[in-house]
Amino acid sequence: MLDDIGQPEKALGYFKKALRNSSVHHDEPVIETGSIYNNIGIVQFKKKNFKAALESFNRASEIYVTLLNEKTLKLADVYSNIGVAKKNLGQLEESIIYYNKALNIYSENLEKPIKQVGRLFGNIGIVHKEKGEYNDAISAQYRAIEILRETVNEESPELSLPLLNIGNVFLDQKQPGRAFPYLKKGMVMLNFNFDDVNNNLAYVKHLSYLKKFLNALEEYFQQRRSLTIGNNNYQD
């Protein structure tokens, strides 16, 4: 999955060196080579080189299909990453295709869902939102919440993301009143320390959600004030 990797330039150099060493010791790609390409794709993604990331993920998937089979969990992880890369390249239809490929492999291999599946449903919901398929978007985020509640701690910040995403769906639909409780709960679960935001990684990582939350909050109370004023005028 697209996990955090610090110092992307150093990481990229390390993985490229590992790739060269692998080619020296093996005439043909091995499973390890697929993992290296996947890691290179992750670093390129973090650098926002989405096209380069996609190329690396595709290479990893080719190696896994050749050396393993089309039902391996390693391939599911790579398919999920391909979906993320394609989403960021604006290829929404193809993104959904690869998310579903990953979902099918996870479903066939796992007796119980894992948190990666919860994240996957969250990503699927985001694509549906961007396509304007709001009911599907909300359904996917609720499924993400269900799975994450089974696989992570109830207080985990991981659970905040689908809540924030549901709030963003309602924002897109110009329904700040419905967005507000989801955004509020999601932000509370991130445990913001507003007295020390410079040292709060959650604040930095989710700043865009915070801005949307504050905008929704302002609009929500503007609507409340407007309704109250309207009632007063009516009574007068």
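Anything mentioned here points back to the structure above.
Thresholds, definitions, all that
- Residues numbered from 1 in each chain as written.
- Predicted model: local features only at pLDDT ≥ 70, side-chain atom pairs only at ≥ 80, totals over all residues.
- Heavy atoms only, no water.
- Helix = DSSP H or I, 4+ residues; strand = E, 2+ residues; numbered from the N terminus.
- Expected span 1.5 Å × (residues − 1).
- Buried < 20%, exposed > 50% of the residue type's maximum accessible area, 1.4 Å probe, protein only.
- Contact = heavy atoms within 4.5 Å.
- Phe/Tyr/Trp six-rings, centres within 6.5 Å; stacked < 30°, edge-to-face > 60°.
- Lys NZ or Arg CZ within 6 Å of the ring centre and 35° of its normal.
- Salt bridge = Lys/Arg side-chain N within 4 Å of Asp/Glu carboxyl O.
- Axes fitted to C-alpha atoms, helices over the stretch in contact; angles between N-to-C directions.
- Parallel < 35°, antiparallel > 145°, perpendicular 65-115°, else oblique.
- Nonpolar A, V, L, I, M, F, W, Y, C, P; charged D, E, K, R; others polar.

**Re helix 7 (residues 134–151)**
Right, on to step 1. Compared with the 26 Å implied by 1.5 Å per residue over 18 residues, the 26 Å span of helix 7 between its first and last C-alpha is a close match.
Right, on to step 2. All of the buried residues along helix 7 are Ala137, Ile138, Ala140, Gln141, Ala144, Ile145, Ile147 and Leu148.
Right, on to step 3. Elements in contact with the buried residues of helix 7: helix 6 (115–130) and helix 8 (160–172).

**A closer look at the packing of aromatic side chains**
Right, on to step 1. Taken as a whole and judged by the stated rule, the model has 3 aromatic pairs.
Right, on to step 2. For the pair Phe45 and Phe50, a centre-to-centre distance of 5.1 Å together with 55 degrees between the ring planes defines the contact as tilted.
Right, on to step 3. Here Phe170 and Tyr182 contribute two aromatic rings whose centre-to-centre distance is 5.8 Å and whose plane-to-plane angle is 35 degrees, an arrangement assigned as tilted. Placement of the pair is Phe170 in helix 8 and Tyr182 in helix 9 (residues 176–189), with a sequence separation of 12 residues.
Right, on to step 4. Taking the ring centre of Tyr79 as reference, the NZ or CZ of Lys101 above it sits at 5.3 Å.
Right, on to step 5. The residue whose ring lies beneath Lys101 is Tyr98, and the NZ or CZ to ring-centre distance is 4.6 Å.

**Quick notes on the pattern of salt bridges**
Right, on to step 1. By the definition in use, this model includes 10 salt bridges.
Right, on to step 2. Among the salt bridges present, the one from Glu158 reaches Arg119, with a minimum N-O distance of 2.8 Å. Highlighted residues: Glu158 in the loop between helix 7 and helix 8 and Arg119 in helix 6, separated in sequence by 39 residues.
Right, on to step 3. Look at Glu158 and you get buried, because its relative accessible area is 18%.
Right, on to step 4. By relative accessible area, Arg119 is classed as partly exposed at 23%.
Right, on to step 5. Here Arg143 makes a salt bridge to Glu146, at a shortest N to O gap of 3.0 Å. Placement of both Arg143 and Glu146 in helix 7 is noted, with a separation of 3 residues, approximately one turn of the helix.
Right, on to step 6. Classification of Glu146 by relative accessible area gives partly exposed; the value is 43%.

**Side note on helix 9**
Right, on to step 1. The terminal C-alpha atoms of helix 9 lie 20 Å apart, and with 14 residues this matches the ideal 20 Å at 1.5 Å per residue to within 8%.
Right, on to step 2. Along helix 9, the residues classified as buried are Pro176, Ala179, Phe180, Leu183, Gly186, Met187 and Met189.

**Side note on unusual backbone geometry**
One can expect most non-glycine residues to show negative phi and most peptide bonds to be in trans.
Right, on to step 1. The backbone of Lys48 sits at a positive phi, close to 65 degrees, despite the residue not being glycine.
Right, on to step 2. Along the chain, Lys48 turns up in the loop between helix 2 (31–46) and helix 3 (50–67).
Right, on to step 3. On the basis of relative accessibility, which here comes to 63%, the residue Lys48 falls in the exposed class.
Right, on to step 4. In this structure, Lys174 takes a positive phi of about 60 degrees despite not being glycine.
Right, on to step 5. Its place among the elements puts Lys174 in the loop between helix 8 and helix 9.

**What about the packing of helix 6 against helix 8?**
Right, on to step 1. Two numbers describe how helix 6 lies on helix 8: the axes approach to 10 Å, and their chain directions differ by 5 degrees. Here helix 6 lies roughly parallel to helix 8, going by the angle between them. Residue-level inspection shows Gly122, Ile126 and Lys129 of helix 6 in contact with helix 8, the latter providing Asn165, Asn168, Val169 and Asp172.
Right, on to step 2. The class makeup of the residues in the contact of helix 6 with helix 8 is 2 nonpolar, 3 polar and 2 charged.

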